[in-house]
Amino acid sequence: MKNRKVVPYAVTKSGCSAAFFGDYHLHSSFSSDAHDALHQICLQAVRLGLSEVGLTDHLSLFPQDPNYNFLNRLYSAYFEAVDECRQQFKDSLTIFLGAEVDYHPHYEDEICVFLHHHPFDYVIVSVHYVDRLSLTDARFYLSRHPEVGIRQYVDTLKRAVLLPGLAVLGHLDWIKRGWRQYWRDFPYKPELLLEAGLDQALQVLVARGGLLEINTSGIRRGVGEPFPGEVLLSRYRELGGRYCVLGSDAHNASELAHSFHEGVTLARRVGLEVVSPLRHQKRVSEKAINHSVFHQSSIKTFKEVDERHG
Ligand SMILES: [Zn+2]
Ligand SMILES: [Zn+2]
């Protein structure tokens with residue numbers, strides 16, 4: 001029997017069940033842009049009274065990305081470090097070995113082959129690059145009309161949700177950070193993402209039994225709301241989405257579970273249930289795929305891609 005820790009403040013305030021309350025989007029020193037060791041993150045989780053954590057360092061197979069040469073080269077070390085943490089915290093914390101896959105249309109096959117040979121408990125798929133430019137790079141915004149950039153971003157998301165192995169779609173409207181900064185004459189409106197076809201990505205996500213993340217780092221980073229905000233979460237709910245995952249996207253231990261009270265409150269307001277990705281995955285079978293939403297042939301399996309490259 002695991003020790004019952006102090007119920008986190010956010011959970012107490014929301015009234016949400018603490019049975020599997022966790023933070024499922026966390027970065028450690030296995031990511032280029034984070035510094036704390038895995039055991040420091042786990043220690044902080046125990047201090048906060050979380051019962052689960054999902055360690056999700058970046059997996060990037062794009063050679064120009066700063067995270068290239070991290071998990072794709074350090075998988076064994078990551079696996080062993082997670083295993084050590086599981087031993088160290090076995091009485092107080094359930095630890096998932098996860099990854100945040102940096103989706104890149106040009107490296108789709110490489111990602112599939114890597115995931116086939118390097119299993120994770122669950123995978124968050126996130127779009128950080130469009131047209132080979134980072135969404136934190138001013139050049140992306142300054143080199144095209146906003147309508148073109150929005151369409152390209154949505155088109156990339158529509159492909160990303162088809163990636164084999166996807167359990168969670170990360171920070172859906174990540175573009176809004178740069179959009180607000182660099183497209184000031186074209187104010188951010190989530191409806192514009194929907195008009196550009198975001199519904200299709202959400203429909204595929206729902207049909208595949210994938211989960212939408214409420215990434216609370218938007219609040220920490222001064223965007224004023226999580227990624228995504230209420231309009232897009234409501235649309236996901238309207239399209240049949242019932243579940244979401246909470247992630248702080250912490251890049252140091254002190255950011256764990258940051259703004260979770262706001263995240264849980266928002267989920268409840270739009271009628272979404274906050275779940276643990278692994279526990280949810282077990283409930284979802286491939287039979288849940290609704291083939292009327294997209295062509296079966298457009299979803300590859302790890303095995304098919306691997307054999308083609310074999
Ligand atoms: Zn990300
Ligand atoms: Zn992240």
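Here, every reference points to the structure presented above.
Residues numbered from 1 in each chain as written. Chains lettered and ligands numbered in written order. Predicted model: local features only at pLDDT ≥ 70, side-chain atom pairs only at ≥ 80, totals over all residues.

Colleague: Would you mind going over unusual backbone geometry with me for this structure?
Modeller: Negative phi values dominate among residues other than glycine, just as trans dominates among peptide bonds. Following F227, the chain continues into P228 via a peptide bond in cis, with omega recorded as -5°. We note that A257 has phi near 55°; this positive angle belongs to a residue other than glycine. Tracing the chain through its elements places A257 in the loop between β9 (243–247) and α11 (260–270). Overall, the presence of 26 C-beta atoms within 10 Å leaves A257 in the buried class. (Helix = DSSP H or I, 4+ residues; strand = E, 2+ residues; numbered from the N terminus. Buried ≥ 20, exposed ≤ 12 C-beta atoms within 10 Å, placed from the backbone.)

Colleague: What is the right way to read the environment of L266 from this model?
Modeller: Within the secondary structure layout, L266 lies in helix α11. For L266, a count of 22 C-beta atoms within 10 Å puts it in the buried group. With 52 residues separating them along the chain, L266 and I214 place their C-alpha atoms 8.9 Å apart. Residues in contact with L266, not counting those within four places in the same chain, are I214, P226, E230 and L233. (Contact = placed C-beta atoms within 7 Å.)

Colleague: When you look at helix α6 (residues 146–160) in this model, what are you seeing that I'm missing?
Modeller: Since there are 3.6 residues in each turn of an α-helix, residues three or four apart along the chain are aligned in direction. In a regular helix each residue adds 1.5 Å, so 15 residues correspond to 21 Å; α6 covers 21 Å between its end C-alpha atoms and thus fits that length. If you check which residues of α6 are buried, you get G149, I150, Y153, V154, T156, L157 and A160. For α6, the arc enclosing every buried residue in end-on projection is 155°, short of the 170-degree limit, so these residues lie on one face. Exposed side chains of α6 directed beyond 90 degrees from the buried face belong to E147 and V148. Of the surrounding elements, those touching the buried residues of α6 are β4 (122–126), β5 (129–130), α5 (138–142), α7 (175–182) and α8 (190–208). (Expected span 1.5 Å × (residues − 1). Arc of directions from axis to C-beta.)

Colleague: Quick question: what am I supposed to make of the environment of I214 here?
Modeller: Take I214: it is sitting in strand β8 (residues 211–215). On the basis of neighbour count, I214 is assigned to the buried category, with 29 C-beta atoms found within 10 Å. Along the sequence, I214 and C244 sit 30 residues apart, while their C-alpha atoms lie 6.7 Å from each other. I214 has contacts with P226, C244, L246, G263, L266 and A267, leaving out every residue within four places of it along the chain.

Colleague: What's the story with the nonpolar core in this structure? I'm lost.
Modeller: Note on soluble globular proteins: their nonpolar side chains tend to be buried together. Formed by 84 residues in total, the largest nonpolar core has its most connected members in I41, V53, L55, V123, V125 and C244. It is α8 that contributes the most residues to this core, seven residues altogether. The residues contacting I41, other than those within four sequence positions of it, are L26, S28, D36, V53, L55, A253 and L256. (Core = buried A, V, L, I, M, F, W, Y, C linked by C-beta atoms within 7 Å.)

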